[in-house]
Amino acid sequence: MSTQSPDTPDEAAPTDAGSDATAPTSNRTTVETPIRTHPTLRPTAIWLGFVTVLGVGLITAIQSAPGLLGGAGAATVAMRAVALLTGLGVVRFLVRLYVLRQTEYVVDEDTITRQYELFFRTWQRTVPLSKVRSHELRQSRVQKLLGYGTISMNQGLGAIELENVSGPHSLYDAVSTLVER
C-alpha cells in the first residue's frame, strides 16, 4: 500500500492497481458566509471633485474675462447659472456619497441582499440564490485601474447589482460558487 503526503496532488500519487484512489475529487472551493461588503466611494468622490473643480474654474474664467460673454451683465448671469449647476451637481454627489456609505451588500448561503438606510427609511432588495439565472462582472478601464467593478445578477428578471465593489473578482468567484451549488 502506498502513502501520500499532503503536499502531493491526487493525480501524482502512486496507487495500488486495485484501489479506487484515482477517483476524481471535487474541486469545489468553500465560501465563508456571510460575505459583507460595501461599495467603494472612490468613483463618486472623483466625480464630486471633477464637478467642483470644473464649476470653480468656469466661474473664475468668466469673472476674469467678462467681455467674452458680451459684458458684465451677461457674465453675472452666466456665473450664477454655472454656480447653480455646480451647486446642484455637488449636492447630488454628496447625497450619492451618503447613500453609498449607508449601503451594504450581504451574500450568504441562500440569498444576496442589497440594503441601505436613508433619512430613517430602509430600502432592501433580496434575491434568493436559487433564483439567480445569470451573473456577470463588469469593469471599465478606469474601474480596472482603480480596483473595483460591478456584479450584476438576473438582468431583466428582478435584477440586483452590487455596484462599485472593491476586489470584484473574489466576490464574483464567491457568488459563482454559491450559485452553482
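Here, residues in each chain are numbered from 1, in the same order as that chain's written sequence. In keeping with the predicted nature of the model, local features appear solely for residues at pLDDT of at least 70, side-chain atom pairs appear and are counted solely at 80 or more, and the whole-chain, interface and lining totals rest on all residues. Only hydrogens and water are set aside; all other atoms, that is, all heavy atoms of the structure, feed into the side-chain values.

## Side note on the sheet that holds strand S7 (residues 160-166)
Either a parallel or an antiparallel arrangement is found when strands of a sheet pair, and the pairing is made through backbone hydrogen bonds. Stated precisely, the cut-off is as follows: Any two strands between which DSSP finds at least two bridges are classified as paired. For helices the rule is a DSSP run of H or I covering at least 4 residues; for strands it is a run of E covering at least 2, with both sets numbered from the N terminus onward. In this analysis, axes come from line fits to C-alpha atoms, helices being fitted only over the stretch in contact, and the angle between any two N-to-C directions falls in the range 0 to 180 degrees. A contact between two residues is defined here by any heavy atoms of the two lying within 4.5 Å.
Spatially, three strands are ordered S5-S6-S7 in an open sheet, and the strand pairing comes out antiparallel. Of all strands in the sheet, those bounded by a partner on one side alone are strand S5 (135-138) and S7. Neighbouring strand axes in the sheet, compared pairwise and without regard to direction, differ in orientation by 20° on average. By the bridge criterion, four bridges tie S5 to strand S6 (residues 148-153) in an arrangement that is antiparallel. Pairing of Leu137 across the sheet is with Ile151, part of S6. Helix H4 (residues 168-179) rests against S5, S6 and S7 of the sheet, and its axis sits at about 175° to S5.

## What about the confidence of the model for the chain?
Detailed reading of the predicted coordinates is not advisable wherever pLDDT is low. Note the following rule: As a per-residue measure, pLDDT tells how confident the predictor is, with possible values from 0 to 100.
In this model, the chain carries an average pLDDT of 81, and 81% of its residues clear a pLDDT of 70 or more. For the stretch residues 1-27, pLDDT sits under 50, and the model shows 11 contacts to residues farther than four places along the chain or on other chains.

## Regarding the sheet that holds strand S3 (residues 111-118)
If you trace the four strands from one edge of the open sheet to the other, you get S1-S2-S3-S4, paired in antiparallel fashion. With partners counted over all chains shown, the strands left at the sheet margins are strand S1 (35-37) and strand S4 (121-128), one partner each. Strand-to-strand twist across the sheet, computed as the mean angle between neighbouring axes with direction ignored, equals 15°. The pairing of S1 with strand S2 (residues 104-107) spans three bridges and is classified as antiparallel. Paired with Thr37 across the two strands is Tyr105, which belongs to S2.

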